[in-house]
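The primary structure of each chain is shown beneath.
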Amino acid sequence: MSVRRVLAVCGVLAVLVAGCGRGTAVDGDDPPPVRPAWRSVTLPAPPGAPGRPMVRDAAVCAGHWYLVGGVADGSGAIRPAAWSSGDGLVWSALPVSPSSFYGRQQLLYAAACREARLAALGAATGGVHGNPRTSSWIQASGGALREVPAPFERFGGPRAVSAARVVGGPAGWLIVGARADGAAVWTSVDGGGFTLREGLPELAGDGRGRTSAYDGSALGPGWLVVGAVLPAGGTVLAPVAWTSADGVGWRRVELPAPGGRGQAQRVVGVAGSVVAVGPVGDGFAAWRASVAAGAAGSWRRVGGFPAAGSGVASVAGLAGVDRVLVAAVADGEGHALWCSADSGGSWSPVVMPAEVPDRGDAAVSVVAHGGRLLLAADDGQGSRAWWAPVSAVDR
């Protein structure tokens, strides 16, 4: 018997099928895959010497689409690169303006935008110890993406651990990551310079354990950050979330997880809620909290899906509009896509247009807006991008 499934990446991605998210690994179902009508996107070569494009992240806001990454030339040397589009279909390379020795060698690995303005994080290996040399980047009024000068210990130094993601919101910009004493953030009003906030009560590690922050989102005029804590004396991470009105004072909430095991690695807002996704003992879990409740103490585990491989599981990307979510994950064997049409309650696998291994030189990112879902992938040999419109698949 034929069952029509429709992947609706249309309007505000209001519906994602009869088949997307009907089953869930949590309740033992084995949902059939959703098959979008993927269409390839052409990314023009950035200015400079020819080389292999390396796309690492995507962002969209105010009708502007962005991809960031770099270009590797024939000798393996990397330089930063970025692309922009007004419709997600036709792309152009953005001018990139580094200001430091390491900035000229950086791979841009995280992106966000606010009021059509792009911000990014980039890093290059360097120095005596071969540690990442990290910079923030902001789009200038003329359109070029420029490196923001900063002292070395703003992101590096002996207390450095990670600068994971950059987020835009009504209050400005937020970078989330970790320092020697646990989770930390960097705040900025205009992206032209960030203030490091480390050692903050509730956010940083304390007697309860050591914390790490992986992703964030604007929450009204304030911020939401998700991550994990390694409890004192414990051996496995537990998922946590934090909220703040100003980026300085934080409130911590533990997320429910079987045996206290898991990590909240990505978060996005959908239909009056925020949804976090991350690895747990049995695959991946989705947690949801009400925005009206300020995401404080209202988190519930609402669904999840399995990991196909036996390696270290991680969330590479999470896109959401209305009640629809698309998660890109890696599980030791390869990258995969999963979708939910009910704000994370139930999930179905999504057929990708190409196989992407799970290794250090590969990456997958997803972003959604209006009538399109954009997927960018680097399989270690080259980068490609696709978009999916409304599609119907008969089974």
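Residues numbered from 1 in each chain as written. Predicted model: local features only at pLDDT ≥ 70, side-chain atom pairs only at ≥ 80, totals over all residues. Heavy atoms only, no water.

What to know about the confidence of the model for the protein
Part 1 of the argument: Scored by pLDDT, the protein comes out at a mean of 89, with 90% of its residues at no less than 70.
Part 2 of the argument: Here residues 1–18 scores under 50 on pLDDT; set against residues more than four positions off or in separate chains, the count is 65 contacts.
Part 3 of the argument: Low pLDDT (under 50) marks residues 23–27, which in the prediction has 18 contacts with non-local residues, meaning those over four places away or in another chain. (pLDDT = per-residue confidence, 0-100. Contact = heavy atoms within 4.5 Å.)

Details of the side chain of Ser85
Part 1 of the argument: Note that Ser85 resides in strand S5 (residues 78–85).
Part 2 of the argument: Polar side-chain contacts of Ser85 include one of 3.5 Å to the backbone nitrogen of Leu89. (Helix = DSSP H or I, 4+ residues; strand = E, 2+ residues; numbered from the N terminus. Polar contact = N/O pair within 3.5 Å; in protein donor to acceptor, adjacent residues only side chain to side chain.)

Looking at the sheet that holds strand S4 (residues 64–72)
Part 1 of the argument: If you trace the four strands from one edge of the open sheet to the other, you get S3-S4-S5-S6, paired in antiparallel fashion. Bordering the open sheet on either side are strand S3 (52–61) and strand S6 (91–93), each of which pairs with just one other strand. Adjacent strand axes in the sheet meet at a mean angle of 25°, parallel and antiparallel pairs treated alike.
Part 2 of the argument: Alignment of S3 against S4, held across nine bridges, turns out to be antiparallel. Bridged to Val55 within S4 is Gly69. (Pairing = 2+ DSSP bridges. Axes fitted to C-alpha atoms, helices over the stretch in contact; angles between N-to-C directions.)

Comments concerning the sheet that holds strand S27 (residues 348–350)
What holds strands together in a sheet is hydrogen bonding between their backbones, with the strands either parallel or antiparallel.
Part 1 of the argument: Across the sheet, four strands lie side by side as S24-S25-S26-S27; this open sheet has antiparallel pairing. In the strand order of this sheet, the two ends are held by strand S24 (314–321) and S27, each with one partner. Neighbour-to-neighbour, the strand axes of the sheet open up by a mean angle of 25°, direction not taken into account.
Part 2 of the argument: As defined by bridge partners, strand S26 (residues 335–340) adjoins S27 across three bridges and the pair is classed as antiparallel.

What about the environment of Val321?
Part 1 of the argument: Along the chain, Val321 turns up in strand S24.
Part 2 of the argument: Residue classification places Val321 among the buried positions, given a relative accessible area of 16%.
Part 3 of the argument: Considered as a pair, Val321 and Ala341 are 20 residues apart in the sequence and their alpha carbons are 9.8 Å apart. (Buried < 20%, exposed > 50% of the residue type's maximum accessible area, 1.4 Å probe, protein only.)

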